[in-house]
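Residues per chain are reported as follows:
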Amino acid sequence: ATMERYAQIWEGIERANSDVLSSDEARDFLDRSELPREDLWHIWQLTDVNEDGQLTFGEFLCTMHLVSRRLGGADLPPSLPQALQLLVAHPAPPPSRSPLAATCGGFGAAAGEGARQAETWEVSPDRLQAYTDIFYEAPRTEPAFLASDEARELL
């Protein structure tokens, strides 16, 4: 899964601050893509949403997605697409910080034992990735969302 691969890359990058990737750290990493500087600058302008000169995990996921698409020949968008804006605003936590491992008990919990855990609505990173893949691979008329009839086809 693509996002899972990006999360593994995030974990593998040596960073001074484990919560963010500085512009220097990002430049060192992104230069390996061999994209033209203009493309990398444009991607940075799109994905450093809060303009603080560093990338959060969500911003990094968007950066990797845009780099990958550009390497595949796609044109860069003039602005960050809505779906990527949502990813920046609500990313899954990086793998090493995921609170899900501590709270998952889910539907397998026996009655009376772990009943509190069974009430959780948290989605595992694997399940979130599966849903994300389904969403992005679904045929649609608008790139940022599915119309009701398009979503019905998936159900």
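Preceding block: the structure.
The present account deals with the structure reproduced in this document. In this text, all values refer to a predicted model and were calculated from it rather than measured experimentally.

1. Some details on the packing of helix H4 (residues 57–71) against helix H5 (residues 82–89)
Helix-helix packing is described using two parameters, namely the angle between the two axes and the distance between the axes. Taken N-terminus to C-terminus, the directions of H4 and H5 make an angle of 150 degrees; their axes are 7 Å apart at the nearest point. Remark: the crossing between H4 and H5 carries right-handed chirality. Residues Gly58, Glu59, Leu61, Cys62, His65 and Leu66 of H4 form the contact with H5, whose participating residues are Leu84, Leu87 and Val88. Looking at the contact of H4 with H5 residue by residue, the class counts come to 6 nonpolar, 2 polar and 1 charged.

2. Regarding the side chain of serine 33
Its place among the elements puts serine 33 in the loop between helix H2 (23–30) and helix H3 (37–47). Reaching out from serine 33, the side chain makes a polar contact with the backbone oxygen of leucine 30 at a distance of 2.7 Å. Residue contacts for serine 33: discarding those within four places in its chain leaves Leu40, Val67 and Leu71.

3. Description of the environment of leucine 71
Summarising the element assignment, leucine 71 is placed in helix H4. In this structure leucine 71 touches Ser33 and Leu35, once residues within four positions along its chain are discounted.

4. With respect to H3
Side chains of residues three or four places apart in an α-helix project in the same direction, reflecting 3.6 residues per turn. If you check which residues of H3 are buried, you get Asp39, Leu40, Ile43, Trp44, Leu46 and Thr47. Looking down the long axis of H3, one finds its buried residues gathered within 165 degrees of arc, a one-sided arrangement. What points out from H3, more than 90 degrees from its buried face, is the exposed set Glu38 and Trp41.

5. Some remarks on helix H1 (residues 2–12)
Those residues of H1 that sit buried are Met3, Tyr6, Ala7 and Trp10. Each buried residue of H1 sits inside an arc of 100 degrees when the element is viewed along its axis, so together they form one side. Facing away from the buried side of H1, by more than 90 degrees, are the exposed residues Gln8 and Gly12.

6. Quick word on the nonpolar core
Soluble globular proteins: nonpolar side chains tend toward being buried together. Residues Leu21, Phe60 and Leu66 are the most contacted members of the largest nonpolar core, which totals 27 residues. When residues of this core are traced back to their parent elements, those giving at least two are H1, H2, H3, H4 and H5. When residues in this core are grouped by element, the largest group, 7 residues, is from H4. Beyond its immediate chain neighbours, meaning those up to four positions away, leucine 21 contacts Trp10, Ile13, Arg15, Ala26, Gln54, Leu55 and Phe60.

What counts, and at which threshold
Residues numbered from 1 in each chain as written. Predicted model: local features only at pLDDT ≥ 70, side-chain atom pairs only at ≥ 80, totals over all residues. Heavy atoms only, no water. Axes fitted to C-alpha atoms, helices over the stretch in contact; angles between N-to-C directions. Helix = DSSP H or I, 4+ residues; strand = E, 2+ residues; numbered from the N terminus. Left-handed = near helix turned anticlockwise from the far one by under 90°. Contact = heavy atoms within 4.5 Å. Nonpolar A, V, L, I, M, F, W, Y, C, P; charged D, E, K, R; others polar. Polar contact = N/O pair within 3.5 Å; in protein donor to acceptor, adjacent residues only side chain to side chain. Buried < 20%, exposed > 50% of the residue type's maximum accessible area, 1.4 Å probe, protein only. Arc of directions from axis to C-beta. Core = buried A, V, L, I, M, F, W, Y, C linked by side-chain atoms within 4.5 Å.

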